Amino acid sequence: MRIDIITCLPRLLESPFSDSILKRAQQKGLVTVAIHDLRDYATNKHRTTDDYAFGGGAGMVMMIEPIDNCITKLKSERGYDEIIYMSPDGEMLTQSIANQLSLKKNLILLCGHYKGVDERVREHLITREISIGNYVLSGGELAAAVVADSVIRLLPGVLNDETSALSDSFQDGLVAPPVYTRPAEYKGWKVPEVLLSGHEAKINQWKYEKSLERTKNRRPGLLGSN
Ligand code: SAH
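Residues numbered from 1 in each chain as written. Predicted model: local features only at pLDDT ≥ 70, side-chain atom pairs only at ≥ 80, totals over all residues. Heavy atoms only, no water.

Enquirer: Tell me what's going on with the domain arrangement of the protein chain, and back it up with residues and numbers.
Expert: In terms of domain boundaries, the protein chain breaks down into domain 1 (2-152) and domain 2 (169-224). The distance between the C-alpha centroids of domain 1 and domain 2 comes to 37 Å. (Domains from an automatic or database assignment.)

Structural data, given as structure tokens:
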């Protein structure tokens, strides 16, 4: 899989991909993450990528031309399954969208900044809009990193334990059960006995019950939704 991220602040995207699981995924060749500096596609000598809003109002707007230049160049190199604009009013990111995107081959994530992008970008250049929640960030970079992370960890071979992503919250319509590690007792706080029993069927039953209980308490909306 390949993910191209278009941004006017490429440095914001350096660290999310240079550690741990996301770094290893790239080293193993399971994903290529390419960050593109929008300023390289600007057409004036100051390399500007934003301008004042027509009609007035506070805040700058990202210009269409550098974005179009960058997307056109990428599209000339390969086909893209989706060209996604990160936007607070987009479709809300869920595990099911992450699952869908993890089956794609090439994705572009476009990060807005300031007041967002010229509306014509949204009308003509992109295929999908994703939000990471009903709140406003100063830029799409962190949102793009969230989308990329949620997708990359699902690619086969990225997590060491192949079943690990499947046992995470939301994969089966439930949130994950509690987890514990050593020591079995700390300050008198004990790990549930059943987890130390070695009895696999009982342990699985306990995990399922805890997942169900937690889902009822914390995300009742998930129950009955599938
Ligand atoms: N004026 C816009 C907000 C712009 S925020 C509005 O009111 O809708 C600047 C950029 O940050 C956006 O273009 C988008 O790319 C990104 N962004 C902000 N919040 C986001 C969210 N919740 N999810 C995804 N992207 C977001």
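Enquirer: Any chance you could break down the side chain of H113 for me, citing the residues and the numbers?
Expert: For H113, the position within the fold is in the loop between β6 (106-110) and α4 (119-124). Apart from the residues lying within four places of it in its own chain, the contact partners of H113 are C8, L9, L12, M62, S138, G139 and E141. (Helix = DSSP H or I, 4+ residues; strand = E, 2+ residues; numbered from the N terminus. Contact = heavy atoms within 4.5 Å.)

Enquirer: So what about the state of the cysteines? Which residues, and what values?
Expert: Within this structure, the stated rule accounts for 0 disulfides. With no disulfide of its own, C111 lies closest to C8 among cysteine sulfurs, the gap being 8.2 Å. (Disulfide = S-S within 2.5 Å.)

Enquirer: Now, about the packing of helix α3 (residues 95-102) against helix α5 (residues 141-152): what can you tell me, with residues and values included?
Expert: Taken N-terminus to C-terminus, the directions of α3 and α5 make an angle of 70°; their axes are 8 Å apart at the nearest point. Taken together, the axis directions place α3 and α5 in an arrangement best described as roughly perpendicular. Crossing handedness for the pair α3 and α5: right-handed. Contact with α3, carried on its side by A98, L101 and S102, involves V147, S150 and V151 of α5 and no other residues of that element. Taken together, the residues of the contact of α3 with α5 break down into 4 nonpolar, 2 polar and no charged. (Axes fitted to C-alpha atoms, helices over the stretch in contact; angles between N-to-C directions. Parallel < 35°, antiparallel > 145°, perpendicular 65-115°, else oblique. Left-handed = near helix turned anticlockwise from the far one by under 90°. Nonpolar A, V, L, I, M, F, W, Y, C, P; charged D, E, K, R; others polar.)

Enquirer: If you had to explain the environment of E77 to someone new, which residues and values would you point to?
Expert: Relative to the helices and strands, E77 is located in helix α2 (residues 64-77). Within the local environment of E77, its side chain forms a polar contact with the side chain of K73, the two groups lying 3.2 Å apart. (Polar contact = N/O pair within 3.5 Å; in protein donor to acceptor, adjacent residues only side chain to side chain.)

Enquirer: I'd love a proper account of unusual backbone geometry, names of residues and values included.
Expert: At the junction of R182 and P183, the peptide bond is cis and its omega measures out at 0° in the coordinates. Phi at Y114 is positive, roughly 55°, even though this residue is not glycine. Among the secondary structure elements, Y114 is positioned in the loop between β6 and α4. The class of Y114 is partly exposed, set by a relative accessible area of 40%. A positive phi angle, near 75°, is found at F170, a position not held by glycine. On the secondary structure map, F170 appears in the loop between α5 and β8 (185-186). (Buried < 20%, exposed > 50% of the residue type's maximum accessible area, 1.4 Å probe, protein only.)

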